[in-house]
Amino acid sequence: MKSLKTISFVLFFFVCSFGANAQSHLIGKWTGNCFFERKENGNLSFCGTCKTSITNDKKSLNIEELEIVIDEKNIQISSPGNTGVATPYVFDSKIETLSFTFDKVSYTYNVLRGTDSDLIILKSSCGVLLLRKKG
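Reading the values: the criteria
- Residues numbered from 1 in each chain as written.
- Predicted model: local features only at pLDDT ≥ 70, side-chain atom pairs only at ≥ 80, totals over all residues.
- Heavy atoms only, no water.
- Disulfide = S-S within 2.5 Å.
- Helix = DSSP H or I, 4+ residues; strand = E, 2+ residues; numbered from the N terminus.
- Buried < 20%, exposed > 50% of the residue type's maximum accessible area, 1.4 Å probe, protein only.
- pLDDT = per-residue confidence, 0-100.
- Contact = heavy atoms within 4.5 Å.
- Pairing = 2+ DSSP bridges.
- Phe/Tyr/Trp six-rings, centres within 6.5 Å; stacked < 30°, edge-to-face > 60°.
- Core = buried A, V, L, I, M, F, W, Y, C linked by side-chain atoms within 4.5 Å.

Novice: Residues and numbers for the state of the cysteines, please.
Specialist: On inspection of all chains with the given rule, the structure shows two disulfides. Paired by a disulfide, Cys-47 and Cys-126 hold their sulfur atoms 1.9 Å apart. Judged by the torsion about the S-S bond (95 degrees), the Cys-47/Cys-126 disulfide is right-handed. Of this pair, Cys-47 sits in the loop between β3 (44-45) and β4 (52-54) while Cys-126 sits in the loop between β11 (119-124) and β12 (127-133), placing them 79 residues apart in sequence. Cys-47 gets classed as buried once you look at its relative accessible area, which sits at 2%. Taken N- to C-terminal, the disulfide-bonded cysteines of the chain are connected 1-3, 2-4.

Novice: Just give me the short version of the confidence of the model for the chain, but keep the residues and values in it.
Specialist: On average, residues of the chain score 80 in pLDDT, and 83% of them are at 70 or above. Looking across the chain, the model is least confident in helix α1 (residues 2-20), with a mean pLDDT of 46, and most confident in strand β8 (residues 87-92), with 95. Across residues 6-21 the pLDDT falls below 50, and counting only partners more than four positions away or on other chains, this stretch makes one contact in the model.

Novice: Residue-level account of the environment of Leu-130, with values.
Specialist: Looking at the secondary structure, you find Leu-130 in strand β12. Distance in space between the C-alpha atoms of Leu-130 and Leu-66 is 9.9 Å, their sequence separation being 64 residues. Sequence-distant contacts of Leu-130, that is, excluding residues within four places in its chain, are made with Thr-31, Gly-32, Asn-33, Phe-35, Leu-119, Ile-120 and Ile-121.

Novice: Which residues make up the pairing of strand β1 (residues 28-35), and what are the values?
Specialist: Pairing between β1 and strand β6 (residues 66-70): five bridges, direction antiparallel. Among the inter-strand pairings, Gly-32 is bridged to a residue of β6, identified as Leu-66. Two strands pair when backbone bridges link them, and β1 and β12 are joined in this way by six bridges, in the antiparallel orientation. Within β12, the residue paired with Phe-35 across the bridge is Val-128.

Novice: Provide a residue-level description of the pairing of β11, including the pertinent values.
Specialist: Residues Ile-120, Leu-122 and Ser-124 line the buried face of β11, whereas the alternating positions Leu-119, Ile-121 and Lys-123 sit on a face that is not buried. In terms of strand pairing, strand β10 (residues 105-113) meets β11 through four bridges, oriented antiparallel. The partner of Val-111 across the bridge, within β11, is Leu-122.

Novice: Which residues make up the packing of aromatic side chains, and what are the values?
Specialist: For the coordinates displayed, the defined rule picks out three aromatic pairs. Measuring from ring centre to ring centre gives 6.2 Å for Tyr-107 and Tyr-109, while their planes differ by 20 degrees; the resulting arrangement is stacked. Of the residues examined, Tyr-107 reaches a relative accessible area of 10% and is grouped as buried. Tyr-109 sits in the buried class, given a relative accessible area of 0%. Taken together, the ring pairs connect Phe-100, Tyr-107 and Tyr-109 into an aromatic cluster.

Novice: Which residues make up the nonpolar core, and what are the values?
Specialist: Across soluble globular proteins, nonpolar side chains show a tendency to be buried alongside one another. Grouped together as the largest cluster of nonpolar side chains are 23 residues, with contacts concentrated most on Ile-68, Ile-75, Leu-98, Phe-100, Tyr-109, Leu-122 and Leu-129. Secondary-structure elements contributing two or more residues to this core are β1, β6, β7 (74-78), β8, β9 (97-102), β10, β11 and β12. Here Tyr-109 is in contact with Cys-47, Thr-49, Glu-96, Thr-97, Leu-98, Phe-100, Leu-122, Lys-123, Ser-124, Cys-126, Gly-127 and Leu-129, once residues within four sequence places are set aside.

Right under this line is the structure:
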């Protein structure tokens with residue numbers, strides 16, 4: 001009987017601690033790459049978190065690589081020549097979404113994980129970000 005109580009306590013503690021730190025797999029420094037989606041009429045769709053520029057001849061679109069730093073409370077998105085400002089985020093552990101405001105626009109990304117813990121995909125209605133963890 002005593003061992004059943006001990007096992008129940010340990011299991012309860014484990015479940016509670018997992019829920020409290022469920023976003024811990026996101027914490028760290030990441031390199032982000034943006035992907036665009038081709039829509040009807042040749043339009044391209046990508047998220048506003050992605051830094052883009054059009055070449056001088058207006059024939060090419062460059063999408064910059066991002067540096068994303070996530071801690072327990074804030075996310076900071078930077079690109080070359082633009083140091084980002086840390087902004088608070090909300091992580092919903094039930095459906096694994098990451099919500100934050102960037103440049104006065106609200107974003108909610110679904111967090112997609114696979115077997116490689118150093119690779120995460122953030123997906124939203126505006127596009128996809130591929131994150132690779134930096135050492």
